[in-house]
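Letter by letter, the chains look like this.
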Amino acid sequence: MSANLEKALHNKPAVEVKNKKESRVYNYFANLFRSWTGTLGFIIIIGLLFISIFGPWITPHDPLYADFSKKLLPPMTDGHLLGTDQLGRDILSRMIVGARVSVIIGVLTVVIAGTFGTIVGIISGYFRGWIDVVLMRIVDVQLSFPFILLVLVINAIIGGGLRNIIISLAIGGWVIFARMIRSEVLALREKEFITACVATGVSRFEILFRHILPNLFTPLIILASLQIGTFIIAEASVSFLGFGVQPPEPAWGNMLNEGKDYIFSSWWLITFPGIAIIIAALGVNLFGDWLRDTLDPELKGD
Amino acid sequence: MKQKVLLSVKNLKKYYEIPQGLFKEKITVKAVDDINFTIKKGETFALVGESGCGKSTTGRTILKLTEPTDGKIIFDGNDISTLPYKQMRTLRNRMQMVFQDPYASLNPKKTVREILIEPLRVHKKFDNVTRLEKVKSILEIVGLSEYHLDRYPHEFSGGQRQRIGIARAVILQPDFIIADEPVSALDVSVQSQVINLMLELQREFELTYLFISHDLSVIQHMTDRVAVMYLGKIVEIAKTEDLFTNPKHPYTKALLSAVPITHPKEKKERIILKGDVPSPANPPSGCTFHPRCSFALDICKKQAPITTEYSNSHSVNCHLYTEFKEETTHAINHS
């Protein structure tokens, strides 16, 4: 039936712009639900977004309220679905609130690192010459440091907190965008349709903005979606190491950090935030994979 | 009737330098080495040769898509080889290009409308309404319709895409179009359609073509004059009929003998050339064709031949037709 509907939408003779857009959105969803991994990723992302937006209103308990009489309760006791931590705080509530941190960090870091990296990548790939050499050596130098170490050092210098962890992750993460966008631009500028633009008489500036930039959109979306997962994990690692989001503010990473001392007596302290991190990263990556398969015309099936 | 010369190329050279590391000398590849030809207004001039002989580079250098190393490109009386970027850009509305691969030469993210309006917008021709009218009429001319305006290139077949590519080149109503193997990526059945379209457009808009191809049957069908290239040099220029009936240069003879026969009973002698095309990075001394030439003389190894007018509008770069006539006939008789 869906194939018929697709056909009907395509064969409509005078297609209005609005209809066309609708059919495109429809096509994307039809395509999404054909792939179960993509669907799973999509559901996880929607769930994550929902929790991070409405988190404070749907927590069963106050995530910061410590009740020492109820510390280290195992899951499913006393109305605490996932148990309580060493200070008697509800783990589920803390995880729900912590989701927001992960989402904000994942998205904002990618936006900042992506924007900066893309600009650098375009400049170096399109203009080449000495500016390319200089920028790429900077990237090389930065790539020679381990990512987490670099983030920790920057974090140690500028201090903890949500804003600073985003800044340090973005500083640590822009290079991968710069490298990838540069290679994309390098490949694009040699394409024959760019030569065709030059032959037509299109100015360099217009070639860059009207022809190269739109073709960068797809790889950028794909890389960004995959990087969100990386940054979520990186934030958790940094928070686990005691930098980043500071207690008592809940974040999945620092919940792991606080819970690691009780790993043998109260397994639920680190198990559930750990699972949350896995699911979030998995969901984003699955969705990113699906995006790549869909948007990459070379891999496009139909 | 004397036709006006539209383009003349004088001593055009395009060398590429390939660095070989820090302490080694750079290798110079002579992609186009000192070529001369003129194209008259309204004619179709062909450049033919094997792949890698520099015919595409010649086309691209004439349009200044790559900078020439040396030489003059005189277009309609003005030398454009040293023209600065900005002036060159405004001149581009008079000279356009059709590309070889219709799958690569159209931006996949642009609709037909955007692709075809762009040349008009860039050269600031007409207002928005007239531009759209122009686009629609050009689509009609190349055999597509208004219905295709909002489609993306991937929704078209190869032949249709090449029509879009041709429409993009023609929409500015240029004087001169370089067609770089415009049909070699297409099916044979589609090839003839596209060629006939190009001929039709030539009549309609009084176009001058530089037609780059390796397909001799296509060249025989649609061009007025032919230049044969070998290893970055032109070895023979002649009228198409003349060249096909009476080729002079040994390489041209070999090239023509490689055209498949059209009838099984037709007898044809094949000239099989020895060896491969030498690397343009390290071309043979003297005449670059001498290692593969069955008529090679001693002088061919030492000295590059100069262009000899064999007859009016037929010139050859070969020692066989220069002052060593006696030796030549001797060599031919004994081969």
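Conventions adopted
Residues numbered from 1 in each chain as written. Chains lettered and ligands numbered in written order. Predicted model: local features only at pLDDT ≥ 70, side-chain atom pairs only at ≥ 80, totals over all residues. UniProt positions renumbered as here; feature names shortened; annotations may be inferred. Helix = DSSP H or I, 4+ residues; strand = E, 2+ residues; numbered from the N terminus. Rg over C-alpha atoms; globule rule 2.2 N^0.38 Å. Buried ≥ 20, exposed ≤ 12 C-beta atoms within 10 Å, placed from the backbone. Contact = placed C-beta atoms within 7 Å. Axes fitted to C-alpha atoms, helices over the stretch in contact; angles between N-to-C directions. Parallel < 35°, antiparallel > 145°, perpendicular 65-115°, else oblique. Left-handed = near helix turned anticlockwise from the far one by under 90°. Nonpolar A, V, L, I, M, F, W, Y, C, P; charged D, E, K, R; others polar. Pairing = 2+ DSSP bridges. Core = buried A, V, L, I, M, F, W, Y, C linked by C-beta atoms within 7 Å.

- Regarding chain B, the relevant UniProt record gives this comment under Sequence similarities (unreviewed entry): "Belongs to the ABC transporter superfamily."

- The name an unreviewed UniProt entry assigns to chain A is Peptide/nickel transport system permease protein, from the organism Cytobacillus purgationiresistens.
- As its UniProt record puts it under Sequence similarities (unreviewed entry), chain A is described as follows: "Belongs to the binding-protein-dependent transport system permease family."
- UniProt lists a comment for chain A under the heading Subcellular location (unreviewed entry), and it reads "Cell membrane".

1. Quick notes on the overall build of chain B
Part 1: Counting its regular elements, chain B contains 11 helices and 12 strands.
Part 2: A compact globule built from 335 residues would reach a C-alpha radius of gyration of about 20 Å, and chain B, at 21 Å, matches this within 12%.
Part 3: The C-alpha extent of chain B, read off along each of the three principal axes, is 70 × 60 × 45 Å.
Part 4: Across the 335 residues in chain B, those meeting the buried criterion constitute 41%.
Part 5: Summarising the internal contacts of chain B: among those between residues at least 6 apart in sequence, 64% fall at separations of at least 24.

2. Here's the deal with the overall build of chain A
Part 1: The helix and strand tally for chain A stands at 11 helices and 0 strands.
Part 2: Starting at the N terminus and walking to the C terminus, you meet the elements of chain A as α-α-α-α-α-α-α-α-α-α-α.
Part 3: Counting only C-alpha atoms and orienting by the principal axes, one finds that chain A spans roughly 80 × 55 × 25 Å.
Part 4: Across the 302 residues in chain A, those meeting the buried criterion constitute 40%.

3. Things to note about the UniProt feature "domain: ABC transporter" (unreviewed entry) in chain B
Part 1: Mapped onto this numbering, the UniProt entry annotates "domain: ABC transporter" (unreviewed entry) at residues 7-256 of chain B.
Part 2: Taken as a whole, residues 7-256 of chain B contains 36% helix and 27% strand, while its terminal C-alpha atoms sit 27 Å from one another.

4. Quick word on the UniProt feature "transmembrane region" (unreviewed entry) in chain A
Residue and element names in this part refer to chain A.
Part 1: UniProt's feature table lists "transmembrane region" (unreviewed entry) at residues 36-58, 103-127, 139-158, 220-245 and 265-287, given in the numbering used throughout.
Part 2: The span residues 36-58 is 100% helix and 0% strand, and its two end C-alpha atoms sit 28 Å from each other.
Part 3: Taken end to end, residues 103-127 is 100% helix and 0% strand, and its first and last C-alpha atoms sit 35 Å apart.

5. So, the packing of helix 4 (residues 91-127) of chain A against helix 9 (residues 204-240) of chain A
Residues and elements named next belong to chain A.
Part 1: Running from amino to carboxyl end, helix 4 crosses helix 9 at an angle of 140°, the nearest separation of the two axes being 8 Å. Judged by the angle between their axes, helix 4 and helix 9 are oblique. Both helix 4 and helix 9 take part in a crossing whose hand is right-handed. Contacts between helix 4 and helix 9 involve Ser102, Ile105, Gly106, Val107, Thr109, Val110, Gly114, Thr118 and Tyr126 on the former and, on the latter, Leu208, Ile212, Leu220, Ala224, Gln227, Ile228, Phe231, Ile232 and Glu235.
Part 2: Broken down by class, the residue content of the contact of helix 4 with helix 9 amounts to 11 nonpolar, 6 polar and 1 charged.

6. Overview of the pairing of strand 9 (residues 225-230) of chain B
Residues and elements named next belong to chain B.
Part 1: The buried fraction of strand 9 is high, at 6 of 6 residues.
Part 2: Of the two faces of strand 9, the one lined by Arg225, Ala227 and Met229 and the one lined by Val226, Val228 and Tyr230 are each fully buried.
Part 3: In the sheet, strand 3 (residues 44-48) pairs with strand 9 via 4 bridges, with the strands oriented parallel. Looking at strand 9, one finds that Phe45 is bridged to Arg225.
Part 4: Pairing of strand 9 with strand 10 (residues 233-239) involves 6 bridges; the strand directions are antiparallel. Considered in strand 10, the bridge of Val226 is made with Ala238.
Part 5: Counting the residues that bridge the hairpin from strand 9 to strand 10 gives 2 residues, and of these Leu231 lies at a positive phi of roughly 50°.

7. Focus: the nonpolar core
Part 1: Ranked by internal contacts, the top residues of the largest apolar core, which has 150 residues, are Ile232 of chain A together with Ala167, Ile177 and Val228 of chain B.
Part 2: Every residue in contact with Ala167 of chain B, bar those within four places of it in the chain, is listed here: Leu116, Ile138, Leu139 and Val142 of chain B.

8. Some words on the interface of chain A and chain B
Part 1: On the chain B side, the residues contacting the 15 residues of chain A number 20 residues.
Part 2: Every element with two or more residues in the side of chain A that touches chain B is listed here: helix 8 (192-200) and helix 9 of chain A.
Part 3: Looking at the side of chain A that touches chain B, the element that brings in the most residues is helix 8 of chain A, giving 7 residues.
Part 4: Taken together, the residues that form the side of chain A that touches chain B break down as 7 nonpolar, 6 polar and 2 charged.

9. Re the sheet that holds strand 4 (residues 70-75) of chain B
All names here are of chain B.
Part 1: On the basis of which strands lie adjacent, the open sheet formed by 4 strands has the order 2-1-4-5 and antiparallel pairing. Whereas interior strands pair on both sides, the edge strands pair on one side only; in this sheet they are strand 2 (27-40) and strand 5 (78-79).
Part 2: Both strand 4 and strand 5 contribute to a ladder of 2 bridges, which runs antiparallel. By the bridge assignment, Ile74 is partnered in strand 5 with Asp79.

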